[in-house]
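Chains, contacts and geometry: an overview
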Amino acid sequence: MAIEDRGMRAATDDTRPGTDLEAWTRAFRRNLYSFLGRFPVTATTNDKYQALAYSVREQLLDRWVKTAETYYRNKARTVCYLSAEFLLGPHLGNNLVNLGAVDTVKSAMDALGLDYEELIDQEEEPGLGNGGLGRLAACYLDSLATLQIPSIGYGIRYEFGIFDQQIRDGWQVEVTDKWLRLGNPWEIPRPEIAALVGFGGYTESYTDEKGRNRTRWIPARLVRGIGYDTPIPGYRVNTTNLLRLWSAEAVESFDFESFNVGDYYGAVEQKVASETISKVLYPNDTALQGKRLRLEQQYFFVTCALQDMMRIHLQTSDSTTFHEKYAVQLNDTHPALAIPELMRILVDEHGLDWEQAWHITQQTFGYTNHTLLPEALETWSIPLFGSALPRHLEIVYEINRRFLEEVRELYPDDEDRVRRLSLIDEHGDRSVRMAHLACVGSRAINGVAALHSELLKRDVLRDFSELWPGKFQNVTNGVTPRRFIMLANPGLTKLVTDAIGDGWTHDLDQLRTLERMANDSAFRDAWRRVKRANKEALAAEIKKRTGIAPDPASLFDIQIKRFHEYKRQHLNLLHVIALYYRLKRNPGYDTPPRTVVLGGKAAPGYMMAKLIIKLVHAVADVVNNDRATSGRLRVVFVPGYNVKLGQRIFPGADLSEQISMAGKEASGTGNMKFAMNGALTIGTLDGANVEIRDAVGAENFFLCGMTVEDVRERLAEGYRPFEHYQTDEELRAAIDAIANGAFSKGDRELFKPIVDNLLWSDPFMVLADFRSYVDCQEKEVGGMWRNPDRWTRASILNVARMGPFSSDRAIDEYCRNIWHLKPVPIPEA
Ligand code: 26W
């Protein structure tokens, strides 16, 4: 369509005050023309996306200024959310939802002859996170703003976010994520908001003017952190909060020093080395690698954040009231260096004595743990820590010395306990235990689901919970219904809103009103039509990405999440293989036609996870090309799972796979996103599955697998996976098929690592849960699917009972129980 014919011509001379719609079209033209220097005929889709993005940004900035002004005037107590990851997802659509401007902007784009959906789709998402932990931080920013809580998110502006996943010959290939390539209209660089960051060097003691013994740190290297601000609007409120991400730059004076001696390359090297710090996100979300650069990244953003907070606080007060002004939440241990860093700032720079500084520090922090996997608990080797941050190591030692003194007083003659509690692991290469540092330096410690918080107290942090039972809390995770229902699923949003009004969008408990609609057959029909339309859209998307066209009438059985052995995508595959042979052996076998969809990234160095991705493709190849099962079973892998793709997948799912080994998944949040979109869950009693099942009702949830207690007992007895292989014929046939090369053209070597692992060690007890899982799939899931009314009723009840899993509820709990902080409403700008 020739857009210049549709009202785009008079680009700058249109100054009439007008309706909202006119204001949007005017802003769009102005931004396209004078900001981007483009005119309609040559403008690319990206130009048009940016013109719209800048128009939205203008609106956000008005609110943001008003918000900042109000907080400043009120001296508002503020929560600072420190996270190494923020997995935001595309901004444009979400910001329009929160501004309540979707319909107007759609009409405005229509008036300009532009395709709204195409512009929304143009945005590349900032993938500044790995998975659950980073996405949770993003959901919490949305809820903090929506609940009108004064807050700042602090993190790192990685130049390269999480890699993009491509698949070649069934293998994952990592491609760098150049998300900034086309510019980022949502960020505002703040070169004047800069922090100096030291690394390495040494410490020295001196006597200050009052005759006191003090320490100063002489770093060997300095880097500058520059703040980049992204406005975070709340939903239908005037609040627009701030996400401040730090980017590393060289410090000029150092360049000049090299220049003066004529060392041009030396100067440039210095610059490159400095910028490396915020260059790339580490793509691991479990196994640690003790890399110096990662430690530097952590210190870098944490000191930038604390310096920024202190700068703001000193405008109206002094350092002794820091903890009254701020509640700082540590998103896992990645920002735990904030504890010794705040001590350093207070003691070394502000001259407070240790006791007072420690009181302030302990009152400031809260620590959220996100994992029970031992290999994901961070530790840093002492030599590495000491060479990168010599002053912080001294401070950690001093914190530890005083802490262990306390422990010895409480538990005399219990040196074993002292060793277990120590911030320093003395086994082998000595190292700093970051979780212990986080516990000692925080006022509150929480897990992310009821079961997880119990297991934390019982296992990983047992000694700490005995020491300080009152510090331990639970805050079950939640997800934002704005992005994951309203934005992702407009069809369901309309159906629900027509039925019960729109109060649920900021008070998700109101969905409960839907319960009575579950018995209304006309409503169930409408519900099914929405699901069907979403499945058709998802099928088209899958076709576009993979060439495989799923049948929207089949059961969409979906598992999307990072690939990890503990999440057991291979258990899912064993069911697929078992089902495949049932169908081949018995063409009359009664089971619903099924499309099994898997998606997710594997950490680049995690060989077993990558091999499982290859196995998904191998099984898909055989199953999808066998006429014996065509129309009854299909398997697809969707490459490049990210937030944007998730928004298309959740609404089209019938069945959500949440089958981690009990006791391993801290919470899970995908489980909530599926259920909010009307998928039923097949899952183990792990993480938040437990609470989801309690909420939606056992009869509307497919339970399978061992409990945490079962797992414990089995391990105590001595777990021998081979016995399951021997006694369960169907399991044996499925494993034999993999081993014998049925999915690898006769190659018996390719999947041997998976087969051997399962038969001889099976650390996540896949074989022990196989029978229960397969029976649940075939009997329970299959049975309910055959009764569409029953299924639809369960789907409606799942959505109706998802209120507790809104991130608004989670943030409200953090505010009441951990941060002690109240909303500060913002007047209209
Ligand atoms: C390599 C260091 C490392 C270790 C752990 C990097 C990242 C992590 C994260 C804590 C892993 C993570 O994302 N955990 C997930 O956090 C979600 C939000 O609370 C939970 O829902 C998931 O269950 C948990 O796996």
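Notes on the structure follow. (Residues numbered from 1 in each chain as written. Predicted model: local features only at pLDDT ≥ 70, side-chain atom pairs only at ≥ 80, totals over all residues. Heavy atoms only, no water.)

1. Remarks on the sheet that holds strand β11 (residues 240-250)
What the nine strands build is an open sheet, ordered β7-β10-β11-β4-β1-β12-β13-β17-β18; its pairing is mixed. With one partner strand each, in any of the chains shown, β7 (188-199) and β18 (472-474) form the two edges of the open sheet. For this sheet the average axis-to-axis angle between neighbouring strands, irrespective of direction, equals 25°. By the bridge criterion, four bridges tie strand β1 (residues 78-82) to strand β4 (residues 151-156) in an arrangement that is parallel. (Pairing = 2+ DSSP bridges. Helix = DSSP H or I, 4+ residues; strand = E, 2+ residues; numbered from the N terminus. Axes fitted to C-alpha atoms, helices over the stretch in contact; angles between N-to-C directions.)

2. What about helix α12 (residues 354-364)?
Burial in α12 covers these residues: W354, A357, W358, I360, T361 and T364. Taken end-on, α12 shows its buried residues confined to a sector of 160°, consistent with a single buried face. Turning to α12, the residues buried within the fold contact α10 (322-325), β12 (326-331), α11 (338-349), β13 (365-368), α14 (390-410) and α16 (434-440). (Buried < 20%, exposed > 50% of the residue type's maximum accessible area, 1.4 Å probe, protein only. Arc of directions from axis to C-beta. Contact = heavy atoms within 4.5 Å.)

3. Looking at the site of the ligand
The environment of the ligand is made up of 20 residues, and the closest members are T286, H370, N477, E665 and G668. At 2.6 Å from an oxygen atom of the ligand is found a side-chain nitrogen or oxygen belonging to H370. Coverage of the ligand by the protein amounts to 95% of the 570 Å² it exposes when considered alone. Per-class residue counts for the shell around the ligand are seven nonpolar, nine polar and four charged. (Near = heavy atom within 4 Å. Polar contact = N/O pair within 3.5 Å; in protein donor to acceptor, adjacent residues only side chain to side chain. Areas by Shrake-Rupley, 256 points an atom, 1.4 Å probe, with all protein chains shown as cover. Nonpolar A, V, L, I, M, F, W, Y, C, P; charged D, E, K, R; others polar.)

4. Section: the pattern of salt bridges
Using the criterion set out here, one finds 70 salt bridges in the structure. With its nearest N and O atoms 2.7 Å apart, the salt bridge here joins R391 to D348. Of this pair, R391 sits in helix α14 while D348 sits in helix α11, placing them 43 residues apart in sequence. Here R391 and D348 have matching classes, each one buried. The salt bridge partner of R419 is D416, with a shortest N-O separation of 3.5 Å. With R419 and D416 both in helix α15 (residues 415-421), this residue pair falls three residues apart, about one helical turn. R419 sits in the partly exposed class, given a relative accessible area of 47%. For D416, a relative accessible area of 43% translates into the label partly exposed. (Salt bridge = Lys/Arg side-chain N within 4 Å of Asp/Glu carboxyl O.)

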